[in-house]
4 protein chains.
Amino acid sequence: MKDHGPERVLRRSRPEGTRVKLSGVEVGGPGFVVMAGPCAVEGAEQTELAAAAVRHAGAHVLRGGVFKPRTSPYAFQGMGEPGLRILVEAGRRHGLPVIAEVMDASQIPLMAESVDVLQVGARNMQNFSLLRALSRLRRPVLLKRGLSATVQEWLLAAEYLLDGGNEEVILCERGVRTFEPDTRNTLDLSAVALVKERSHLPVIVDPSHATGDQRLVVPMSLAAAAAGADGLLIEVHPWPEKALCDGHQALTPDMFHDLMKKLPAVLAAVDRHLWKPSGVPQPMLGGAR
Amino acid sequence: MKDHGPERVLRRSRPEGTRVKLSGVEVGGPGFVVMAGPCAVEGAEQTELAAAAVRHAGAHVLRGGVFKPRTSPYAFQGMGEPGLRILVEAGRRHGLPVIAEVMDASQIPLMAESVDVLQVGARNMQNFSLLRALSRLRRPVLLKRGLSATVQEWLLAAEYLLDGGNEEVILCERGVRTFEPDTRNTLDLSAVALVKERSHLPVIVDPSHATGDQRLVVPMSLAAAAAGADGLLIEVHPWPEKALCDGHQALTPDMFHDLMKKLPAVLAAVDRHLWKPSGVPQPMLGGAR
Amino acid sequence: MKDHGPERVLRRSRPEGTRVKLSGVEVGGPGFVVMAGPCAVEGAEQTELAAAAVRHAGAHVLRGGVFKPRTSPYAFQGMGEPGLRILVEAGRRHGLPVIAEVMDASQIPLMAESVDVLQVGARNMQNFSLLRALSRLRRPVLLKRGLSATVQEWLLAAEYLLDGGNEEVILCERGVRTFEPDTRNTLDLSAVALVKERSHLPVIVDPSHATGDQRLVVPMSLAAAAAGADGLLIEVHPWPEKALCDGHQALTPDMFHDLMKKLPAVLAAVDRHLWKPSGVPQPMLGGAR
Amino acid sequence: MKDHGPERVLRRSRPEGTRVKLSGVEVGGPGFVVMAGPCAVEGAEQTELAAAAVRHAGAHVLRGGVFKPRTSPYAFQGMGEPGLRILVEAGRRHGLPVIAEVMDASQIPLMAESVDVLQVGARNMQNFSLLRALSRLRRPVLLKRGLSATVQEWLLAAEYLLDGGNEEVILCERGVRTFEPDTRNTLDLSAVALVKERSHLPVIVDPSHATGDQRLVVPMSLAAAAAGADGLLIEVHPWPEKALCDGHQALTPDMFHDLMKKLPAVLAAVDRHLWKPSGVPQPMLGGAR
């Protein structure tokens, strides 16, 4: 490892920091970016309601899973291509860029023409074939930390992307696996602060998968903002109790709205603010895209 | 475990929450309490400088180790009783209550007559003999979470204290042991939020031991405040580079001062504030403040 | 998870156990199968020497990596297709079936026509796209346990293979990630015993990656045999000190020879024996293939 | 840590290895020592039946808990001093030395006059006050590895004992805490092999606490023997289903008998044998003590 450490992702190679643009939204600058939406696209109505709710509350990017990596082959595997169309149309209607997960290289062409950010899931953080393929793409990639990846391994996974030519990389901390059974994972906010020291890449936090518990998402979101994260990736579902996937960790629209009202004061305390398009009044966002 | 779960520590047994008084300072109310000082008392000058610095910056309690649990028998084991006198005198001079660690039941009488809070270290969280002895005491106890203790085990350790009759208990999250080598431990702030849900006991955070890295202490302190912690336990040393114990994780007085200036805005964002004595003008606390 | 547990991999669905045939070698019956060879194919001479040595000592299958998943993009990534030819020819010369790792679905056609078992590495255990593709193949698959996969998740990954139609699955325990820094991973032999209880699939053990330490490979191999494993996957290199990959964990040919002499007595103690072709004297193995 | 590493426990300080004598039974030589009995002494009949059964099957030492460290204050805490008398008498009747856990320094005088080995439990591995007190004793100490202790920390805990003057130390691996929920802990047999490399101290294995599962105790016991352990510490209960403590992990007398019949062949495979008094026919053990 000593001989093969990260290079291009290190802060010294770009001391001013990297800002990644997602169809106008900038991640990694002073603006704090909130990506929100359902864990999985389950249908047109659910996605429309989620998109409307997160847009109304002030989110900047719409998330939604269409190809779902599931522990069991018998669990809902996502809607696939029809789900992708539903997601993209909802994003367009509400003026929100869209993020969705890509599970293997064969899905890249379809995803690259549809979504604004391609997400690499935690289980694929060291799927080096997928990383190599994404490194040749000219689309932002969000790279989640693996379930038991060290910070060094996570940075080296990002190095695969930069080394192959793709510099539009956003890191995402989503909790690591520990012995603690009462949270789904253990959110490692010190890793966020450490990565901000070591690397020029933006880092956001997914408190939904990290905690697996609706009640912990708001405090952990505020903590992430205070710790220096550049944004959040949050699950919001119009009816969490009916969700086909991870409903217990999704916020209701009301809870999400409440979070978005609490964030600005915490961000102000660390000299940040919710992202907004420069020179354009915030209500115009949808139209200006 | 199901048959023997916690009872007295659960929130339902005291929904309004517990407020622990340390010679006038209240932990667990709206005021956020900062305990700071050296990892170990090394001498009169070091302790005086640390006490003066943390008092000047606005800390409420002076911490300092005199009996030090050390992994190696060849490492500095603390100054013992002479160190305790130094610590207590420094606290008195600066009007600060004092917290120090008690390693076994035989030290309780000495400690109980000298310090305001007795700390149970992470390695002793399940030293049930010590917990039983402390449960019979009428002094506040700060109970650190064990290195690999689940939240349930931590609450059950506190249950030993309450069950024995001591209700003056403060919990302290100090990081758990994981596979990550680049931080000393992994600070588990979701455990703080979870404990605030489940229990009526106050919870504070020790970002110094959790991260083991001076550079991460400030962001993690702010994150702890945003996550709903009731206070902090922080290592401050006048000359971290010369410390006999854990110098790399101690803040300098300047860094600590900087942290204390940043905390109020984060606290205000979550409807909290730095603790101050009610009805008494703040400068009057110590006399010198 | 409760609703989506494993089915086809459970022992009750095939109480007599599964025996997987690799070009004549049977894994999962009373015979204990040893797969050995270099971590990575580095050239023709190294591979020939390793193959000759492991064949001479009594190994049944030749292992060798040609596409190498490496934490750093700057580490040796394997020889690829030319390496595959070297490995296959060495296997043929010495009458040994061959196992090599497949990193993504696009490599399946090439691998399936060349090697006798396709290995899924620990980092790909939950690469569900790869598992789905391999489930449609009629070739044995060796599925390594993920670095922090629970036994349940491991069995569910195997369930993807069986559910898709491929029943020729061998599980491989290779250590899990823990806080212990002095071994590369922590070999979990209780998982082997647990899987033998729960599932009908054969389970082998890789003590080389698990320990990362040449000196621990022999005791852990004997322990694996005593714990009920169906075989071993071991790294052997003619010159470990010059290896391009993980040399510190490779056995020399002499060490491997020594291990092969120690195994029969331990196996006999648990009513097993080193695999040999039924009705055919062992020296004929190469010719009989 | 580098500056304060272990010294006296290292193999180089006693290359021939340490043999600890327990009233005639020798741990750390070629003989493999089995300590067995109930998790907790629950009464005279239960203890007598357990002692008779383990003696009959060939165990060398009787174990039994009288002061029980329990996660919950509401769980059975052990019979205390009356239990100790029951245990000691059962041992005497059956000619078996006795091991029991000491929870704090105040119990040392009572324990030291009653039992042959004082056990330090996993939760107390870094109770340095207890270690210091035991280091001044002239009685063998069995030091369990902490739930999340590194091998280095475990050796340093033993160093406290040797540094204080007590060289009669037996180490005991009992599983470490990981993310795996389907075994109580993860038995780390590579730690046993590693400690045998690094240290001259004997190491035994507790597969009962490690796995928490009756069905896994036999395979893990055989694996421990094959890995080079010097003995076992096993829970046996006449009626596991009625046990007040950890019944699911206790062997029945029949299961234990079966294990004792399987061990000799595995031990022979690694040039060991079940311990027996030198020059004295084995059936005389009880009388010869």
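Everything here concerns the structure above.
What this report covers is the structure whose coordinates are included nearby.

When helices and strands are tallied, chain A shows 10 helices and 11 strands. For chain A, whose C-alpha radius of gyration is 17 Å, the value lies close to the compact-globule estimate of 19 Å for 289 residues. In terms of overall dimensions, chain A has C-alpha extents of about 50 × 45 × 40 Å along its principal axes. Across the 289 residues of chain A, 69% fall into the buried class. Contacts spanning at least 24 positions in sequence make up 71% of the contacts within chain A whose residues lie at least 6 apart. Of the roughly 9,400 Å² that chain A leaves accessible, carbon and sulfur atoms contribute 51%. Here chain A contributes 33 positively and 32 negatively charged side chains, and the mean placements of these two sets differ by 2 Å.

Below, the discussion takes up the state of the cysteines. All names here are of chain A. In the structure shown here, the tally under the stated rule is 0 disulfides over all chains. The thiol of C172 is not disulfide-bonded; the next cysteine sulfur, from C39, is found 13 Å away. The exposure class of C172 is buried, given its relative accessible area of 0%.

This part takes up the environment of A133 of chain C. Residue and element names in this part refer to chain C. As for its position among the elements, A133 is in helix 4 (residues 128-135). For A133, a relative accessible area of 17% translates into the label buried. Taking the C-alpha atoms as reference points, A133 and G164, separated by 31 residues in sequence, lie 8.5 Å from one another. If we skip the residues at most four places from it in the chain, A133 touches A105 and I108.

It is worth spelling out the nonpolar core at this point. Judged by nonpolar contacts, the single largest core of 331 residues is most densely connected at F256 of chain A, F256 of chain B, F256 of chain C together with F256 of chain D. Every residue in contact with F256 of chain D, bar those within four places of it in the chain, is listed here: V34, A36, V54, A57, A59, I234, V236 and L251 of chain D.

Within this structure, the stated rule accounts for 80 salt bridges over all chains. Across the pair K262 of chain A and D258 of chain A runs a salt bridge, and its minimum N-O distance is 3.3 Å. In this pair, K262 of chain A and D258 of chain A are both assigned in helix 9 (residues 253-269), 4 residues apart and thus about one turn of the helix distant. Between R184 of chain D and D246 of chain D there is a salt bridge, with its nearest N and O atoms 3.1 Å apart. Placement of R184 of chain D in the loop between strand 8 (169-173) and helix 6 (189-198) and of D246 of chain D in the loop between strand 10 (231-235) and helix 9 (253-269) is noted, with a sequence separation of 62 residues between them. Using a relative accessible area of 16% as the deciding quantity, one classes D246 of chain D as buried. Here the salt bridges share partners, and the residues they tie into one network are R145, E173 and D188 of chain A together with E180 of chain B.

Turning to the side chain of E235 of chain B, a few remarks are in order. Residue and element names in this part refer to chain B. By the element assignment, E235 lies in strand 10 (residues 231-235). Residue E235 is classed as buried on the basis of its relative accessible area, which comes to 1%. Contact partners of E235, with chain neighbours within four places excluded, come to G37, C39, R63, S208, H209, D246, Q249, A250 and L251.

For the rest of this paragraph, the subject is helix 6 of chain D. For helix 6 of chain D, the tally of buried residues reaches 7 of 10 residues, placing the bulk of the element in the interior. Buried residues of helix 6 of chain D: L189, S190, A191, V192, A193, L194 and V195 of chain D, and no others.

With that out of the way, let us pick up the relation of the copies chain A and chain B. Mapping chain A onto chain B calls for a rotation angle of 180 degrees and an axial translation of 0.0 Å; the resulting RMSD is 0.0 Å. What the superposition gives is, in effect, a two-fold axis relating one chain to the other. Considering only C-alpha atoms, the residue of chain A closest to the rotation axis is A223 of chain A, which sits at 2.1 Å.

Moving on: the interface of chain A and chain B. The extent of an interface is frequently quoted as the accessible surface area lost upon association of the parts. Tallying the contact residues gives 38 residues for chain A and 38 residues for chain B. For the pair chain A and chain B, the summed buried area comes to about 2,800 Å², and 70% of that belongs to carbon and sulfur atoms. On inspection of chain A and its partner chain B, the count reaches 6 salt bridges. R215 of chain A is the partner of E197 of chain B in a salt bridge, and the nearest nitrogen-oxygen pair spans 3.4 Å. Linking chain A with chain B are 8 residue pairs in polar contact (both at pLDDT 80 or more), by the criterion used here. Breaking the side of chain A that touches chain B down by element, the ones donating at least two residues are helix 5 (151-163), helix 6 (189-198), helix 8 (214-227) and helix 9 of chain A. No other element matches the 8 residues that helix 8 of chain A contributes to the side of chain A that touches chain B. Considered class by class, the residues forming the side of chain A that touches chain B number 21 nonpolar, 8 polar and 9 charged.

Our next topic: the packing of helix 4 (residues 128-135) of chain B against helix 5 (residues 151-163) of chain B. Residues and elements named next belong to chain B. For the pair helix 4 and helix 5, the least separation of the axes is 7 Å and the interaxial angle reads 35 degrees. Considering only the axes of helix 4 and helix 5, their crossing is right-handed. Mapping the contact onto sequence places F128, L131, R132, L134 and S135 in helix 4 and A157, Y160, L161 and D163 in helix 5. Grouping the amino acids of the contact of helix 4 with helix 5 by side-chain chemistry returns 6 nonpolar, 1 polar and 2 charged.

What follows covers the packing of aromatic side chains. On inspection of all chains with the given rule, the structure shows 4 aromatic pairs over all chains. A cation over a ring is seen here: K242 of chain B above W239 of chain B, with NZ or CZ 5.9 Å from the ring centre.

Next up on the list: the pairing of strand 3 (residues 31-37) of chain A. Residues and elements named next belong to chain A. Within strand 3, 7 of the 7 residues are buried, which leaves the element mostly enclosed by the surrounding structure. Here strand 3 shows no split at all, with G31, V33, M35 and G37 on one side and F32, V34 and A36 on the other all buried. Here strand 3 pairs with strand 11 (residues 273-274) via 2 bridges, running parallel. Opposite F32, over in strand 11, you have L274 as the bridge partner. Note: strand 3 against strand 10 (residues 231-235), 5 bridges, orientation parallel. What sits directly across from G37, in strand 10, is E235. One ladder, built from 2 bridges, connects strand 3 with strand 4 (residues 61-63); its direction is parallel. Looking at strand 4, one finds that M35 is bridged to V61.

Conventions and cut-offs
- Residues numbered from 1 in each chain as written.
- Chains lettered and ligands numbered in written order.
- Predicted model: local features only at pLDDT ≥ 70, side-chain atom pairs only at ≥ 80, totals over all residues.
- Heavy atoms only, no water.
- Helix = DSSP H or I, 4+ residues; strand = E, 2+ residues; numbered from the N terminus.
- Rg over C-alpha atoms; globule rule 2.2 N^0.38 Å.
- Buried < 20%, exposed > 50% of the residue type's maximum accessible area, 1.4 Å probe, protein only.
- Contact = heavy atoms within 4.5 Å.
- Areas by Shrake-Rupley, 256 points an atom, 1.4 Å probe, with all protein chains shown as cover.
- Lys, Arg positive; Asp, Glu negative; His and termini not counted.
- Charge placed at Lys NZ, Arg CZ, Asp CG, Glu CD.
- Disulfide = S-S within 2.5 Å.
- Core = buried A, V, L, I, M, F, W, Y, C linked by side-chain atoms within 4.5 Å.
- Salt bridge = Lys/Arg side-chain N within 4 Å of Asp/Glu carboxyl O.
- Least-squares fit on C-alpha atoms with pLDDT ≥ 70 in both.
- Buried area = accessible area lost by both parts, 1.4 Å probe.
- Polar contact = N/O pair within 3.5 Å; in protein donor to acceptor, adjacent residues only side chain to side chain.
- Nonpolar A, V, L, I, M, F, W, Y, C, P; charged D, E, K, R; others polar.
- Axes fitted to C-alpha atoms, helices over the stretch in contact; angles between N-to-C directions.
- Left-handed = near helix turned anticlockwise from the far one by under 90°.
- Phe/Tyr/Trp six-rings, centres within 6.5 Å; stacked < 30°, edge-to-face > 60°.
- Lys NZ or Arg CZ within 6 Å of the ring centre and 35° of its normal.
- Pairing = 2+ DSSP bridges.

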